[in-house]
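# Understanding the architecture of this molecule
Here is what each chain is made of, one letter per residue.
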Amino acid sequence: DSGVTQTPKHLITATGQRVTLRCSPRSGDLSVYWYQQSLDQGLQFLIQYYNGEERAKGNILERFSAQQFPDLHSELNLSSLELGDSALYFCASSVESGDSTDTQYFGPGTRLTVL
Amino acid sequence: AQKVTQAQTEISVVEKEDVTLDCVYETRDTTYYLFWYKQPPSGELVFLIRRNSFDEQNEISGRYSWNFQKSTSSFNFTITASQVVDSAVYFCALSDLWGSGNTPLVFGKGTRLSVIA
């Protein structure tokens, strides 16, 4: 168990809908990352938050947004869903000590199926 | 630009055989970090090892060992005496030190290892 929790574990929805994925980082970790794993694109970085502020953006669609709350949990919002958004969405967290790259520990993932 | 290549898409071995998973990386930075993660059939990503660019010592952890060679930009992973429980997809990943923080991980495509009893 990495200590990172994600809910829900599975999500099935229809095209055009909106969903929210939730992530709670490990205790003490300030940084949260979101990654998408799909068959054709592999594991891709979407967005990173550090202590409530957006720090880095990757291949995140405009239909997707995220935020990190004062208690450090994060939510990834996916809207106007398309069939191609079906994927496994991972959240990862790290301490971000500043003087070295910290290990990112991953949650169990949320499997999103868009029908 | 950063890039991680895992040329072996799938490997199948018989239990107790040794197997090496290859990882080749590209980065322009002098300070960087390499990782291996395991994704078993249950789907979670499990951290295995982190290595920084200044430490080329090989590492052994039980049946797992890692060989880091900067000269060939490779960070290979060997499982000795493989077991059925080693069956999983293994990902190699790269991150740079960026300012006061870390860059996100860049992953290879993964190698699916099947260990047959």
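So, here's what we can say about the structure. (Residues numbered from 1 in each chain as written. Chains lettered and ligands numbered in written order. Predicted model: local features only at pLDDT ≥ 70, side-chain atom pairs only at ≥ 80, totals over all residues. Heavy atoms only, no water.)

## Regarding the environment of threonine 78 of chain B
Residue and element names in this part refer to chain B. What counts here: Helix and strand definitions here come from DSSP, where helices need a minimum of 4 consecutive H or I residues and strands a minimum of 2 consecutive E residues; each element is numbered from the N-terminal end. In what follows, a contact means two residues having at least one pair of non-hydrogen atoms within 4.5 Å.
On the secondary structure map, threonine 78 appears in strand β9 (residues 74-79). For the pair threonine 78 and glutamate 59, spaced 19 residues apart in the sequence, the C-alpha separation amounts to 10 Å. Excluding its chain neighbours within four sequence positions, the residues that come into contact with threonine 78 are Val19, Thr20, Arg63, Tyr64 and Ser65.

## Re the layout of surface pockets
Under the convention used in this document: Every definition here rests on a 1 Å grid over the protein atoms only: cavities are sets of points where a 1.4 Å probe fits but cannot get out, pockets are open sets enclosed by protein on both sides within 12 Å along at least five of seven lines, and lining residues have some atom within 4 Å of a point. Grid points are joined across faces, edges and corners, and a volume is the space filled by probe spheres set on the points.
Counted as a void, the largest pocket has a volume near 790 Å³. Forming the boundary of the largest pocket are 32 residues, of which Gln37 and Leu39 of chain A together with Gln39, Val89 and Arg112 of chain B lie nearest the centre. For the lining of the largest pocket, the secondary structure elements donating two or more residues are β4 (31-38), β5 (42-50), β9 (87-94) and β11 (110-114) of chain A together with β10 (88-98) and β13 (111-116) of chain B. The element contributing the most residues to the lining of the largest pocket is β13 of chain B, with 4 residues.

## Structural notes on the side chain of serine 74 of chain A
Residue and element names in this part refer to chain A. We apply this condition: Only protein chains enter the area calculation, which uses a 1.4 Å probe; residues under 20% of their type maximum are buried, those over 50% are exposed, and those in between are partly exposed. By the criterion applied in these results, polar contacts are pairs of N or O atoms within 3.5 Å in which, for protein atoms, one can donate a hydrogen and the other can accept it, and in which residues neighboring in sequence qualify only through two side-chain atoms.
By secondary structure assignment, the location of serine 74 is in strand β8 (residues 74-78). The exposure class of serine 74 is buried, given its relative accessible area of 0%. For serine 74, the side chain forms a polar contact with the side chain of tryptophan 34, separated by 2.9 Å. From its side chain, serine 74 meets the backbone oxygen of glutamine 67 in a polar contact 2.9 Å long. Apart from the residues within four sequence positions on either side, serine 74 is in contact with Leu21, Arg22, Cys23, Val32, Trp34, Gln67 and Gln68.

## Some thoughts on the packing of aromatic side chains
Spelled out, the test is: Note on ring pairs: Phe, Tyr and Trp rings are taken, using the six-membered ring of Trp, and paired if centres are within 6.5 Å. Classes follow the plane angle, with under 30 degrees stacked, over 60 edge-to-face and the rest tilted. A ring has a charge above it when a Lys NZ or an Arg CZ is no more than 6 Å from the ring centre and no more than 35 degrees off the ring normal.
Under the definition given, this model contains 22 aromatic pairs over all chains. Consider the rings of tyrosine 33 of chain A and tyrosine 35 of chain A, whose centres lie 6.3 Å apart with planes at 25°: the pair is stacked. Tyrosine 35 of chain A carries the same exposure label as tyrosine 33 of chain A, and that label is buried. Between tyrosine 33 of chain A and phenylalanine 45 of chain A, the aromatic rings sit 6.4 Å apart at their centres with planes inclined by 65°, giving edge-to-face as the arrangement. Of this pair, tyrosine 33 of chain A sits in strand β4 while phenylalanine 45 of chain A sits in strand β5, and the two are 12 residues apart along the sequence. Note on accessibility: tyrosine 33 of chain A and phenylalanine 45 of chain A belong to one class, buried. A network of ring pairs unites the aromatic residues Tyr33, Tyr35, Phe45, Phe90, Tyr105 and Phe106 of chain A together with Phe35, Tyr37, Phe47, Phe91 and Phe107 of chain B as a single cluster. Residue placement shows arginine 55 of chain A over the ring face of tyrosine 50 of chain A; its charged tip is 4.3 Å from the ring centre.

## Considerations on the interface of chain A and chain B
Note: interface size is frequently given as the accessible area lost on complex formation between the parts. Where we set the bar: Accessible-area loss on putting two parts together, using a 1.4 Å probe and summing over both, is the definition of buried area adopted here. Any Lys or Arg side-chain nitrogen located within 4 Å of an Asp or Glu carboxyl oxygen qualifies as a salt bridge.
Listed as interface residues are 25 residues of chain A and, on the opposing side, 22 residues of chain B. Interface area for chain A against chain B, summed over the two sides, is near 1,900 Å², with a carbon-plus-sulfur share of 54%. Applying the counting rule to chain A against chain B returns 0 salt bridges. The tally of links from chain A across to chain B stands at 4 residue pairs in polar contact (both at pLDDT 80 or more). For the side of chain A that touches chain B, the element with the highest residue contribution is β5 of chain A, accounting for 4 residues.

## Examining the pairing of β9 of chain A
Residues and elements named next belong to chain A. What counts here: DSSP calls a pair of strands paired once it identifies at least 2 bridges connecting them.
For β9, a buried count of 8 out of 8 residues is recorded, marking the element as mostly surrounded by other parts of the structure. Residues Ala87, Tyr89, Cys91 and Ser93 of β9 are buried on one face, and the alternating residues Leu88, Phe90, Ala92 and Ser94, pointing to the opposite face, are buried as well. One ladder, built from 7 bridges, connects β4 with β9; its direction is antiparallel. Its bridge partner lying in β9, glutamine 36 is registered against tyrosine 89. Both β9 and β11 contribute to a ladder of 3 bridges, which runs antiparallel. Bridge pairing links alanine 87 to leucine 112 in β11. Where β9 lies against strand β10 (residues 105-106), 2 bridges are found, and the strand directions are antiparallel. The partner of alanine 92 across the bridge, within β10, is phenylalanine 106.

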